[in-house]
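Letter by letter, the chains look like this.
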Amino acid sequence: IGRKDKMLNEFLEKHYKTNMDEAKGVKLAVRCLLEVVEHGAKNIDIGILEKGKKLRKLNEKQVNELVEQIQKEDEDDDGDEDMDEQKDDK
């Protein structure tokens, strides 16, 4: 990650919750990487390492699905913000 490591650490500190399950943790990692990686899922590799188990890597389809979920959530959040702004204008 290199020169953007401070920004990513701050992102993780802000969004990480100690009670996250694996799915939420992986999604947070992908969301974090999307902050700095160009061309989205094409340049993201995700490996999940659990104590006592072998490294498990997500395939390209799984990463693409996560990226699409995140983008949809972000679009939905943007729509919610627009609605809030419209309410404030009234």
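The structure under discussion appears in the preceding block.
A few points on the structure. Keep in mind that this is a model prediction, so the values were computed, not measured.

### A few points about helix α2 (residues 22-34)
Logical step 1: End to end, α2 covers 18 Å across 13 residues, agreeing with the expected 18 Å (1.5 Å per residue, within 8%).
Logical step 2: Three or more residues of α2 are buried, namely V26, K27, L28, V30, R31, C32 and L33.

### A few points about the pattern of salt bridges
Logical step 1: Counted according to the given criterion, the structure contains seven salt bridges.
Logical step 2: The partner of R31 in a salt bridge is D74, with the nearest N and O atoms 2.7 Å apart. Of the two residues, R31 is situated in helix α2 and D74 in helix α3 (residues 60-89); the sequence distance between them amounts to 43 residues.
Logical step 3: D74 gets classed as partly exposed once you look at its relative accessible area, which sits at 31%.
Logical step 4: Residues joined in a network through salt bridges with shared partners are E22, E50, K53 and R56.

Here is what the cut-offs are and how they apply
- Residues numbered from 1 in each chain as written.
- Predicted model: local features only at pLDDT ≥ 70, side-chain atom pairs only at ≥ 80, totals over all residues.
- Heavy atoms only, no water.
- Helix = DSSP H or I, 4+ residues; strand = E, 2+ residues; numbered from the N terminus.
- Expected span 1.5 Å × (residues − 1).
- Buried < 20%, exposed > 50% of the residue type's maximum accessible area, 1.4 Å probe, protein only.
- Salt bridge = Lys/Arg side-chain N within 4 Å of Asp/Glu carboxyl O.

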